[in-house]
2 protein chains.
Amino acid sequence: MAITGDQRLLKRINRMALVRLVRSQPGLSRAELSASTGLTKSTVSLLVQELIDDGWLREDSVLVTGAIGRRPTPLRLDGRRLVLIGAELGVGYVRVVSMSLDGEILYRDDADILAGAAPEVVLKQLAEMMAEHINKLVDGGREILGIGVGVSGAVQEGTGVLVVAPNLGWRNVPVKAILEASLQLRTKREFPLFVQNDGDVAALGEVEFANGAVGDPLLFVGLGVGVGSGVVVGGRLLLGTRGFAGEVGHIQLQRNGPKCTCGRMGCAEAYFGLQAMADIRRCSISELRQKAAAEDPQTLEVLAQAGRHLGVLLHNLWTTLDPALIVLGGPSCRLGKAFLQPARDMFEELAQEARLEIPPVNEARFGELSVAVGAAALALHELLLPI
Amino acid sequence: MAITGDQRLLKRINRMALVRLVRSQPGLSRAELSASTGLTKSTVSLLVQELIDDGWLREDSVLVTGAIGRRPTPLRLDGRRLVLIGAELGVGYVRVVSMSLDGEILYRDDADILAGAAPEVVLKQLAEMMAEHINKLVDGGREILGIGVGVSGAVQEGTGVLVVAPNLGWRNVPVKAILEASLQLRTKREFPLFVQNDGDVAALGEVEFANGAVGDPLLFVGLGVGVGSGVVVGGRLLLGTRGFAGEVGHIQLQRNGPKCTCGRMGCAEAYFGLQAMADIRRCSISELRQKAAAEDPQTLEVLAQAGRHLGVLLHNLWTTLDPALIVLGGPSCRLGKAFLQPARDMFEELAQEARLEIPPVNEARFGELSVAVGAAALALHELLLPI
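Conventions used here
Residues numbered from 1 in each chain as written. Chains lettered and ligands numbered in written order. Predicted model: local features only at pLDDT ≥ 70, side-chain atom pairs only at ≥ 80, totals over all residues. Buried ≥ 20, exposed ≤ 12 C-beta atoms within 10 Å, placed from the backbone. Helix = DSSP H or I, 4+ residues; strand = E, 2+ residues; numbered from the N terminus. Arc of directions from axis to C-beta. Contact = placed C-beta atoms within 7 Å. Pairing = 2+ DSSP bridges. Axes fitted to C-alpha atoms, helices over the stretch in contact; angles between N-to-C directions. Nonpolar A, V, L, I, M, F, W, Y, C, P; charged D, E, K, R; others polar. Parallel < 35°, antiparallel > 145°, perpendicular 65-115°, else oblique. Left-handed = near helix turned anticlockwise from the far one by under 90°.

A.B. asks: Looking at this structure, I do not really get helix 2 (residues 30–37) of chain A. What am I missing?
C.D. replies: Because an α-helix completes one turn every 3.6 residues, residues spaced three or four positions apart along the sequence face the same direction. Residue and element names in this part refer to chain A. Within helix 2 the residues assigned to the buried category are Arg30, Leu33 and Thr37. Taken around the axis of helix 2, the buried residues stretch over an arc of 55°, which confines them to a single face. In the segment just after helix 2, glycine 38 is the residue with positive phi, at about 85°.

This is the structure we're talking about:
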């Protein structure tokens, strides 16, 4: 990855650096941008004008400071024109959100998908939902900047092929190619479209749509039928060589532990995957939720046991990655304190045994929309990546 | 981290990009460098001449191709002038190597340190050893490019403070500051000096002094009294927020497992740390080595058990990080197949249960010198990092 002297690349780097700076510090003036970047004031003025024309930035109302002379104009992200679309291809459902550049959710939709439906059928359903959003947004005068898709499985970067998705039962599905073709057919247009693992995009969502600075590395742990994670370090996703990094549901927590759907024994997912917990309680997932809400003692004990195993996983990931912030997301979070508190307690207990302090463990900012919002963040992230 | 238009920075980026390119593809010509970087031929010529004058590059003898016209001059790293010094602050010993820019080991030294010696005493001993190397090299007309130090503990980036080193019993020792002062006193000169965790520098050594391209991410697992790891991804170290990433010896492998020196139970290190294995066999570390060499059945069984636990750790790290290559290093590797084969077998067995293929697992390229050579690589890495 040689960095070249090519002027267009340098311009793109500088443009995106300005957008990133204004995004992280809304209200910066052109003079402050010049000071922060080392770019001359005339270069900054030129680039800022382009970014305003293109819909990325807008001028805010001028602050009255009482000082003499021309007042600096504060700049902000422009949330009015450019839109990001984020989609989640989940286990049993699809979901689409439309978001403004500054992180406001404009529209959202979701629908169940039939168990065992063919990839083509599911992706057609998803493309239709996305096309509806696009048409509505374009009719309203908006411009689609890019589209992101988060899927429950390992994705090959670049090609957007879903290599394997155990909980969907899919293998080698060209998700990106199918969705692009399907969207072009429905909207007669082309859009930048990016596909990535659900845990990874959810981690990006926490970083890209954060209010201000966020811990680095950031570790997102997605808790559902499957258990997976995403790590953002130095502003980049940690994907691994095949896109399989973060498959932490298959970390072995105990030798000769319970059998996992993957074929191995004692995997984290076999202890506290959502289906595994329901199986331990001998009920369905929705019954598990009801029993947990009704504080059924046997269910609470199952959740506490499962939570303690989650605590061990969090400890092990912390030991490996030393994140500044851990974020928990995914449907299992709706089981609430009965599941999450024992996890925190176990994590803290293990750290205290070594006289160490654990990092903050937060719940996901966008709740059940984490993956869809994260997918929108993926599109933004890819578009802002200069090199 | 805004990328600026500053011309000096851009020049440094381009200079280092050229060095990196020539290093990974020895024999490139100026024209090929121009094509690879997008820099004009005149800019490349100017920068290459500077790099030759500064001792980074040299012109190789011209290939006779039979073609008409001026033949392109192949460029290589210049191993003749610039030298890197790498030091290891180990558990019970210190070690120093001097290396040419192209990876040749010029001098090496090591010495035992007294158990429980104060940090100042040990660092003085290390500084003396380094100063001897420096004086010898400078007398021989060499120029010291930089110095790296690998230490068995967690290091705060930037300040070079060793925050905690359980196996040395040190806490908050300003290793970088002490060594800098001590070296200045002894050599009357200043050198760029970098300090980092031993597993981290060993990982860098595998990348920076590789013959050709190397797997990305690369995971190095250091096996000794302590067990730690280093990860290089996208050419950068994964350090974590406090420099504690890779403390994988304290991943819990089993609930209520054996007590670890850190205070926790069931840590990886309590199963296959070098001291732990000797304790299980009820002998000293050197006796363990002798018994293993003599193929004592009881010892072989201890090593096999320990190796299987190592296999589980490798599996768990693979699941988390998806490395393209795993490298095993550290003193326990000298226990050989009796320890390492059961680890490989267990790793492979777990992967096969999920019908997945494991990545290559190699032994460290520089054997027992991995950390010292890695420390030299750290200095090179930091000097080549453009931003």
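A.B. asks: Whenever I open this one, the environment of aspartate 322 of chain B confuses me. Can you help?
C.D. replies: For aspartate 322 of chain B, the position within the fold is in the loop between helix 10 (297–321) and strand 14 (325–329). Take aspartate 322 of chain B: there are 22 C-beta atoms within 10 Å of it, and that puts it in the buried class. Taking the C-alpha atoms as reference, aspartate 322 of chain B lies 8.5 Å from proline 359 of chain B; in sequence the two are 37 residues apart. Leave out the neighbours within four places in its chain, and aspartate 322 of chain B touches Gly240, Thr241, Arg242, Phe244 and Ala245 of chain A.

A.B. asks: Can you walk me through the sheet that holds strand 12 (residues 227–233) of chain A in this structure?
C.D. replies: Residues and elements named next belong to chain A. Strand order in this open sheet of five strands is 13-12-11-14-15, and the pairing throughout is mixed. Edge positions in the sheet fall to strand 13 (236–237) and strand 15 (361–363), since each of these pairs with one other strand and no more. Taken together, the three bridges between strand 14 (residues 325–329) and strand 15 define a ladder with parallel strand orientation. Within strand 15, the position partnered with leucine 328 by the bridge is glutamate 363. Each of strand 11 (218–223), strand 12 and strand 14 touches helix 10 (residues 297–321); the most contacted strand, strand 11, lies at about 155° to it.

A.B. asks: When you look at the interface of chain B and chain A in this model, what are you seeing that I'm missing?
C.D. replies: Every contact between the two is made by 51 residues of chain B and, on the other side, 53 residues of chain A. Here the side of chain B that touches chain A takes seven residues from helix 10 of chain B, the largest share from any one element. Counted by class, the side of chain B that touches chain A contains 21 nonpolar, 20 polar and ten charged residues.

A.B. asks: In this structure, what is going on with the pairing of strand 8 (residues 161–165) of chain B? I would like to understand it.
C.D. replies: Remark: a regular strand shows side chains that alternate across the two faces of the sheet. All names here are of chain B. Note that strand 7 (residues 154–156) and strand 8 share three bridges and pair antiparallel. Bridge pairing links alanine 154 to valine 164 in strand 8. Following strand 7, the chain reverses through four residues before pairing antiparallel with strand 8; glycine 158 in that reversal takes a positive phi of roughly 90°. Pairing of strand 8 with strand 9 (residues 170–173), which is carried by three bridges, proceeds in the antiparallel orientation. Bridging from a neighbouring strand, valine 164 pairs with arginine 171 of strand 9. In this antiparallel pair of consecutive strands, strand 8 and strand 9, the connection spans four residues, and glycine 169 shows a positive phi of 75°.

A.B. asks: Would you mind going over the packing of helix 4 (residues 119–139) of chain B against helix 5 (residues 175–187) of chain B with me for this structure?
C.D. replies: Residues and elements named next belong to chain B. Viewed as axis vectors pointing N to C, helix 4 and helix 5 meet at an angle of 45°, and their least axial separation amounts to 9 Å. With respect to helix 5, the element helix 4 is oriented oblique. The way helix 4 lies across helix 5 gives a crossing that is right-handed. Contact with helix 4, carried on its side by Glu120, Leu123, Lys124, Leu126, Ala127, Glu128, Met130, Ala131, Ile134 and Asn135, involves Val175, Ile178, Leu179, Ser182, Leu183, Arg186 and Thr187 of helix 5 and no other residues of that element. Looking at the contact of helix 4 with helix 5 residue by residue, the class counts come to ten nonpolar, three polar and four charged.

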